[in-house]
Amino acid sequence: KNQVEQSPQSLIILEGKNCTLQCNYTVSPFSNLRWYKQDTGRGPVSLTIMTFSENTKSNGRYTATLDADTKQSSLHITASQLSDSASYICVVKRGNNRLAFGKGNQVVVIP
Amino acid sequence: GAVVSQHPSWVICKSGTSVKIECRSLDFQATTMFWYRQFPKQSLMLMATSNEGSKATYEQGVEKDKFLINHASLTLSTLTVTSAHPEDSSFYICSASPMRGIGKRDTGELFFGEGSRLTVL
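Quick caveat: nothing in here was measured; it's all calculated off a predicted structure.

Undergrad: When you look at the state of the cysteines in this model, what are you seeing that I'm missing?
TA: Simply put, disulfide is the name for a covalent bond between the sulfur atoms of two cysteines. Under the definition given, this model contains 2 disulfides over all chains. The disulfide partner of B:Cys23 is B:Cys94, and the gap between their sulfur atoms is 2.0 Å. In this structure the cystine formed by B:Cys23 and B:Cys94 twists about its S-S bond by roughly 80°; its chirality is therefore right-handed. Separated by 71 residues along the polypeptide, B:Cys23 in strand S3 (residues 19–25) and B:Cys94 in strand S9 (residues 90–96) bring together distant segments of the chain. For A:Cys19, which is in no disulfide, the shortest distance to another cysteine sulfur is to A:Cys23 and amounts to 15 Å. Cysteine B:Cys13 shares no disulfide, and the gap to the nearest cysteine sulfur, in B:Cys94, comes to 19 Å. The exposure class of B:Cys13 is buried, given its relative accessible area of 8%.

Undergrad: Where do I start with the pattern of salt bridges in this structure?
TA: Any two side chains of opposite charge can pair, given that their charged atoms come close. Enumeration over the complete set of coordinates arrives at 6 salt bridges over all chains. Its salt-bridge partner being A:Glu54, residue A:Lys57 comes within 3.0 Å of it at the nearest N-O pair. The class for A:Lys57 is partly exposed, based on a relative accessible area of 27%. Across the salt bridge formed by A:Arg98 and B:Glu59, the nearest N and O atoms sit 2.4 Å from each other. Pair noted here: A:Arg98 is in the loop between strand S9 (86–94) and strand S10 (99–101) and B:Glu59 is in the loop between strand S6 (57–58) and strand S7 (67–73), and the two residues belong to different chains. Residue classification places B:Glu59 among the buried residues on the basis of a relative accessible area of 17%.

Undergrad: How should the interface of chain B and chain A be read in this particular structure?
TA: A common way to state how big an interface is: give the accessible area lost once the parts meet. Taken together, the contact pairs 16 residues of chain B with 15 residues of chain A. Between chain B and chain A lies a buried interface of about 1,300 Å² when both sides are counted; carbon and sulfur atoms form 50% of it. At the boundary of chain B and chain A, one finds 2 salt bridges. For A:Arg42, the salt bridge goes to B:Glu114, with nearest N and O atoms at 2.8 Å. At the boundary of chain B with chain A, the tally comes to 5 residue pairs in polar contact (both at pLDDT 80 or more). Contributing elements (two or more residues each) for the side of chain B that touches chain A: strand S4 (32–38) and S9 of chain B. The class makeup of the residues in the side of chain B that touches chain A is 7 nonpolar, 5 polar and 4 charged.

Undergrad: Would you take a moment to explain the pairing of strand S11 (residues 105–110) of chain A for this structure?
TA: Every other side chain in a regular strand lies on the same face of the sheet, so the side chains alternate between the two faces. Residues and elements named next belong to chain A. Judged by which residues are buried, S11 turns out to be one-sided: Asn105, Val107 and Val109 face inward and are buried, whereas Gln106, Val108 and Ile110, on the alternate face, are not. As paired strands, strand S2 (residues 10–14) and S11 are joined by 5 bridges and run parallel to one another. In the strand pairing of S11, serine 10 is matched with glutamine 106. Judged from the 3 bridges that link them, S9 and S11 form a sheet pairing that is antiparallel. Bridge pairing links alanine 86 to valine 107 in S11.

Undergrad: Can you help me understand unusual backbone geometry in this one?
TA: All names here are of chain A. Residue proline 8 is reached from serine 7 by a cis peptide bond, and omega for that bond is -10°. Assignment of secondary structure puts proline 8 in the loop between strand S1 (4–7) and S2. Cis geometry marks the peptide bond from serine 28 to proline 29; its omega dihedral reads -10°. Despite not being glycine, alanine 79 shows a phi value in the positive range, around 50°. Assignment of secondary structure puts alanine 79 in the loop between strand S8 (72–77) and S9.

Thresholds applied
- Residues numbered from 1 in each chain as written.
- Chains lettered and ligands numbered in written order.
- Predicted model: local features only at pLDDT ≥ 70, side-chain atom pairs only at ≥ 80, totals over all residues.
- Heavy atoms only, no water.
- Disulfide = S-S within 2.5 Å.
- Helix = DSSP H or I, 4+ residues; strand = E, 2+ residues; numbered from the N terminus.
- Buried < 20%, exposed > 50% of the residue type's maximum accessible area, 1.4 Å probe, protein only.
- Salt bridge = Lys/Arg side-chain N within 4 Å of Asp/Glu carboxyl O.
- Contact = heavy atoms within 4.5 Å.
- Buried area = accessible area lost by both parts, 1.4 Å probe.
- Polar contact = N/O pair within 3.5 Å; in protein donor to acceptor, adjacent residues only side chain to side chain.
- Nonpolar A, V, L, I, M, F, W, Y, C, P; charged D, E, K, R; others polar.
- Pairing = 2+ DSSP bridges.

This is how it looks when you write it as structure tokens:
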């Protein structure tokens, strides 16, 4: 069973609308959680990195939240743009420095 | 920001040949680099951890004689897919964490290369 589950697997949203992506994890012990954006055929690019004590972190129109008690994180995209079409990957780092990857949320923004 | 470069970005080869993919950290040193492969609509799968000056650590199920890794310097790691077969066709990505500070500690940041698309005919 994957230790990092992301939902929804894919979604289509209209340009200008907001959306929220979910990441639930069972990784323990926890070190940090990262959200990456991966364009098709490209390498992942870091959006946010959050440690145990951080609840919210923003990067432009991207806002990540973390609830370490329930082991849940979300990535909120505000006022989506066509360039936001990508896969968003949740990555959890364990205390032993190993990483657990989610399968990604595939987002398609349409005009 | 830190940049990790991969070369080539895509390669097509005949079955049975070997292909080398390079991963370079352009503006930082990294004693450890990571190699992943990614199939369509799947998550990144860690293949091996490349250690500068020593042998790579391979994940379970990854053939070390098939996927040769060399980490000759603090800025370069190479992955060689030997005797490639069509089932080796995939997207290969590397990543690295900068080592900074007097004690050269891992900063915890992780930067990915742009990936290399391998197609074996």
